[in-house]
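For reference, the chains in residue letters:
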Amino acid sequence: MNHDSCRKRWYLFPLIGAAALFVFSLAVMLLWNGVLAPVVSVPSVSLWQAMGLLVLAKILFGGFHGPCRRPPWMRHGHPGEPWCDLTPEERARLRDAVAERTGDAAAGGGSHPPAGCR
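Values in this document were obtained by computation on a predicted structure and should not be read as measured data.

Draft legend 1. Structural detail: helix 5 (residues 88–102). Over its 15 residues, helix 5 runs 21 Å from end to end, which matches the ideal 21 Å to within 8%, given 1.5 Å per residue. Within the sequence span of helix 5, burial applies to Arg91, Arg95 and Ala99. Projected down its long axis, helix 5 shows its buried positions confined to an angular sector of 70°, all on one face. Of the residues in helix 5, the exposed ones pointing more than 90 degrees away from the buried face are Glu89, Arg93, Glu100 and Arg101. One or two steps after helix 5, the chain reaches glycine 103, where phi turns positive at roughly 75°.

Draft legend 2. Local environment of the packing of helix 2 (residues 12–40) against helix 3 (residues 47–62). Running from N to C, helix 2 and helix 3 cross one another at 105°; their axes reach a closest spacing of 8 Å. Judged on the interaxial angle alone, helix 3 and helix 2 are roughly perpendicular. When helix 2 is examined against helix 3, the residues Leu21, Phe22, Phe24, Ser25, Leu26, Val28, Met29 and Trp32 are found in contact with a partner set consisting of Leu47, Ala50, Met51, Leu53 and Leu54. A breakdown of the residues in the contact of helix 2 with helix 3 according to their chemical character gives 12 nonpolar, 1 polar and no charged.

Draft legend 3. Representation of a nonpolar patch on the surface within the structure. A grouping of Leu21, Leu53, Val55, Leu56, Ile59, Leu60 and Phe61 is seen on the molecular surface, where their side chains present a nonpolar patch of about 660 Å² in accessible area. With respect to the helices and strands, the residue leucine 53 is situated in helix 3. The partly exposed category is assigned to leucine 53, whose relative accessible area is 30%.

What counts, and at which threshold
- Residues numbered from 1 in each chain as written.
- Predicted model: local features only at pLDDT ≥ 70, side-chain atom pairs only at ≥ 80, totals over all residues.
- Heavy atoms only, no water.
- Helix = DSSP H or I, 4+ residues; strand = E, 2+ residues; numbered from the N terminus.
- Expected span 1.5 Å × (residues − 1).
- Buried < 20%, exposed > 50% of the residue type's maximum accessible area, 1.4 Å probe, protein only.
- Arc of directions from axis to C-beta.
- Axes fitted to C-alpha atoms, helices over the stretch in contact; angles between N-to-C directions.
- Parallel < 35°, antiparallel > 145°, perpendicular 65-115°, else oblique.
- Contact = heavy atoms within 4.5 Å.
- Nonpolar A, V, L, I, M, F, W, Y, C, P; charged D, E, K, R; others polar.
- Patch = residues over 30% accessible without salt bridge, like charges linked within 9 Å, V, L, I, M, F, W, Y side chains within 5 Å.
- Areas by Shrake-Rupley, 256 points an atom, 1.4 Å probe, with all protein chains shown as cover.
- Salt bridge = Lys/Arg side-chain N within 4 Å of Asp/Glu carboxyl O.

Encoded structure:
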């Protein structure tokens with residue numbers, strides 16, 4: 001896609017965002033009114049109240065960070081990286097310690113690194 005076609009369609013992004021907010025708010029409203037109102041006897045909500053609930057939940061549980069920010073459990077790279085930094089002797093020692101703690105004989109075998117290691 002060339003840059004000219006991207007420049008011509010810049011106005012679509014706010015429209016797509018507003019449409020997504022509307023659709024998610026509609027889903028929250030339908031779920032609230034269809035599930036919570038009959039089961040827990042809470043009052044029904046309007047579309048605007050559902051949108052407010054959605055924004056409040058986003059603030060409380062999701063925050064407003066950029067689109068490229070990673071979840072907290074992925075901020076420091078791939079979970080297998082500490083294993084990759086160990087020498088083969090350290091891996092064997094760790095594997096034996098885990099096997100001893102858990103009583104798992106299978107954990108003590110093998111000395112090859114995980115697939116993601118160099």
